[in-house]
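Tertiary structure, described
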Amino acid sequence: VTGVRVTFKEADGSVRHGEGRVGQSVMELAVALGVAGIEAECGGACSCATCHVHVDEAWWERVGCCGELESDMLEFAPKLAVATSRLSCQIKLREALDGLVVAIAR
Ligand code: FES
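Note that this is a predicted model, so its numbers are computed, not measured.

Moving on, we get to the sheet that holds strand 2 (residues 15–20). Two orientations exist for strands paired in a sheet by backbone hydrogen bonds: parallel and antiparallel. With mixed pairing, 5 strands are arranged side by side in an open sheet as 2-1-5-3-4. Both edges of this open sheet fall to strand 2 and strand 4 (85–87), since each of them pairs with a single strand only. This sheet shows a mean twist of 35 degrees between the axes of neighbouring strands, independent of strand direction. Direction of pairing for strand 1 (residues 4–9) relative to strand 5 (residues 100–104): parallel, over a ladder of 4 bridges. Within strand 5, the position partnered with threonine 7 by the bridge is valine 101. Sheet strands in contact with helix 1 (residues 26–33) are strand 1, strand 2 and strand 5, and its direction is about 120 degrees off that of strand 2.

Shown next, in the form of C-alpha coordinates:
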(Lines give C-alpha, C1' and ligand atoms only; values in the text may rest on other atoms or scores of the structure.)
Protein backbone atom coordinates (compact mmCIF):
# COMPACT_ATOMS: atom_id res chain seq x y z
CA VAL A 1 0.00 0.00 0.00
CA THR A 2 1.33 3.41 -0.86
CA GLY A 3 0.19 6.65 0.68
CA VAL A 4 -3.23 8.21 0.73
CA ARG A 5 -3.49 10.76 -2.04
CA VAL A 6 -5.20 14.06 -1.38
CA THR A 7 -5.88 16.97 -3.72
CA PHE A 8 -6.06 20.45 -2.24
CA LYS A 9 -7.74 23.27 -4.14
CA GLU A 10 -6.45 26.58 -2.93
CA ALA A 11 -8.61 29.68 -2.82
CA ASP A 12 -6.82 31.24 -5.80
CA GLY A 13 -7.63 28.24 -7.96
CA SER A 14 -4.28 26.49 -7.78
CA VAL A 15 -4.27 22.80 -7.07
CA ARG A 16 -1.79 20.79 -5.02
CA HIS A 17 -1.48 17.06 -4.83
CA GLY A 18 0.02 15.26 -1.91
CA GLU A 19 0.36 11.84 -0.47
CA GLY A 20 0.05 11.24 3.25
CA ARG A 21 0.17 8.19 5.44
CA VAL A 22 -2.64 6.41 7.19
CA GLY A 23 -3.31 8.03 10.54
CA GLN A 24 -1.91 11.40 9.55
CA SER A 25 -4.44 14.22 9.48
CA VAL A 26 -5.41 16.10 6.35
CA MET A 27 -4.18 19.25 8.11
CA GLU A 28 -0.72 17.76 8.73
CA LEU A 29 -0.43 16.85 5.09
CA ALA A 30 -1.56 20.33 4.03
CA VAL A 31 1.03 21.97 6.29
CA ALA A 32 3.76 19.67 4.99
CA LEU A 33 2.85 20.70 1.45
CA GLY A 34 2.61 24.37 2.33
CA VAL A 35 -0.99 24.63 1.16
CA ALA A 36 -2.07 28.27 1.26
CA GLY A 37 -4.78 29.12 3.76
CA ILE A 38 -4.16 26.30 6.22
CA GLU A 39 -2.68 28.04 9.23
CA ALA A 40 -3.43 25.37 11.80
CA GLU A 41 -2.66 27.72 14.65
CA CYS A 42 -3.60 25.29 17.40
CA GLY A 43 -1.52 22.48 15.96
CA GLY A 44 -4.41 20.09 15.54
CA ALA A 45 -6.19 20.45 18.86
CA CYS A 46 -9.55 21.33 17.29
CA SER A 47 -9.53 24.75 18.90
CA CYS A 48 -8.64 27.32 16.25
CA ALA A 49 -10.65 26.57 13.08
CA THR A 50 -7.82 27.90 10.89
CA CYS A 51 -7.55 24.50 9.24
CA HIS A 52 -11.09 24.75 7.85
CA VAL A 53 -11.71 23.01 4.51
CA HIS A 54 -14.67 22.28 2.31
CA VAL A 55 -14.80 18.59 1.51
CA ASP A 56 -15.62 17.84 -2.11
CA GLU A 57 -19.27 16.74 -2.28
CA ALA A 58 -18.35 13.46 -3.94
CA TRP A 59 -16.30 12.61 -0.86
CA TRP A 60 -18.60 13.83 1.83
CA GLU A 61 -20.23 10.51 2.59
CA ARG A 62 -16.91 8.78 3.04
CA VAL A 63 -15.43 11.54 5.14
CA GLY A 64 -18.53 12.11 7.22
CA CYS A 65 -19.29 14.82 9.68
CA CYS A 66 -17.67 15.99 12.74
CA GLY A 67 -17.70 15.50 16.46
CA GLU A 68 -19.48 17.85 18.80
CA LEU A 69 -16.42 19.91 19.67
CA GLU A 70 -15.60 20.32 16.01
CA SER A 71 -19.10 21.41 15.08
CA ASP A 72 -18.98 24.02 17.86
CA MET A 73 -15.66 25.28 16.47
CA LEU A 74 -17.04 25.47 12.95
CA GLU A 75 -19.55 28.02 14.17
CA PHE A 76 -16.59 30.27 14.85
CA ALA A 77 -14.78 29.47 11.61
CA PRO A 78 -13.41 32.73 10.22
CA LYS A 79 -14.41 31.80 6.69
CA LEU A 80 -17.83 30.75 5.63
CA ALA A 81 -18.79 27.32 6.86
CA VAL A 82 -20.76 25.28 4.35
CA ALA A 83 -22.60 21.96 4.59
CA THR A 84 -19.40 20.05 3.82
CA SER A 85 -17.13 22.05 6.09
CA ARG A 86 -14.65 20.18 8.26
CA LEU A 87 -11.65 21.05 10.33
CA SER A 88 -8.92 19.25 8.46
CA CYS A 89 -6.98 18.37 11.63
CA GLN A 90 -9.93 16.18 12.57
CA ILE A 91 -9.91 14.15 9.35
CA LYS A 92 -7.52 11.23 9.69
CA LEU A 93 -6.24 9.72 6.51
CA ARG A 94 -7.25 6.14 5.88
CA GLU A 95 -7.11 3.94 2.82
CA ALA A 96 -10.76 4.59 1.96
CA LEU A 97 -9.92 8.26 1.53
CA ASP A 98 -7.32 7.70 -1.18
CA GLY A 99 -8.06 10.32 -3.84
CA LEU A 100 -9.80 12.74 -1.46
CA VAL A 101 -10.43 16.26 -2.74
CA VAL A 102 -10.82 19.24 -0.43
CA ALA A 103 -11.01 22.95 -1.11
CA ILE A 104 -9.59 25.60 1.14
CA ALA A 105 -12.33 27.86 2.41
CA ARG A 106 -12.07 31.34 0.95
S1 FES B 1 -5.54 23.01 13.51
FE2 FES B 1 -6.68 24.16 14.93
S3 FES B 1 -8.70 23.41 14.70
FE4 FES B 1 -7.54 22.27 13.27
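A few words on the side chain of threonine 84. Its location among the elements puts threonine 84 in the loop between helix 3 (68–74) and strand 4. The buried category is assigned to threonine 84, whose relative accessible area is 9%.

This brings us to helix 1. Among the residues of helix 1, Val26, Met27, Leu29 and Ala30 are the ones counted as buried. The buried residues of helix 1 occupy an angular sector of 160 degrees when the element is viewed end-on, so they sit on one face. On its buried face, helix 1 is in contact with strand 1, strand 2 and strand 5. Glycine 34 lies just past helix 1 and shows a positive phi near 75 degrees.

Rules behind the numbers
Residues numbered from 1 in each chain as written. Predicted model: local features only at pLDDT ≥ 70, side-chain atom pairs only at ≥ 80, totals over all residues. Heavy atoms only, no water. Pairing = 2+ DSSP bridges. Helix = DSSP H or I, 4+ residues; strand = E, 2+ residues; numbered from the N terminus. Axes fitted to C-alpha atoms, helices over the stretch in contact; angles between N-to-C directions. Contact = heavy atoms within 4.5 Å. Buried < 20%, exposed > 50% of the residue type's maximum accessible area, 1.4 Å probe, protein only. Arc of directions from axis to C-beta.

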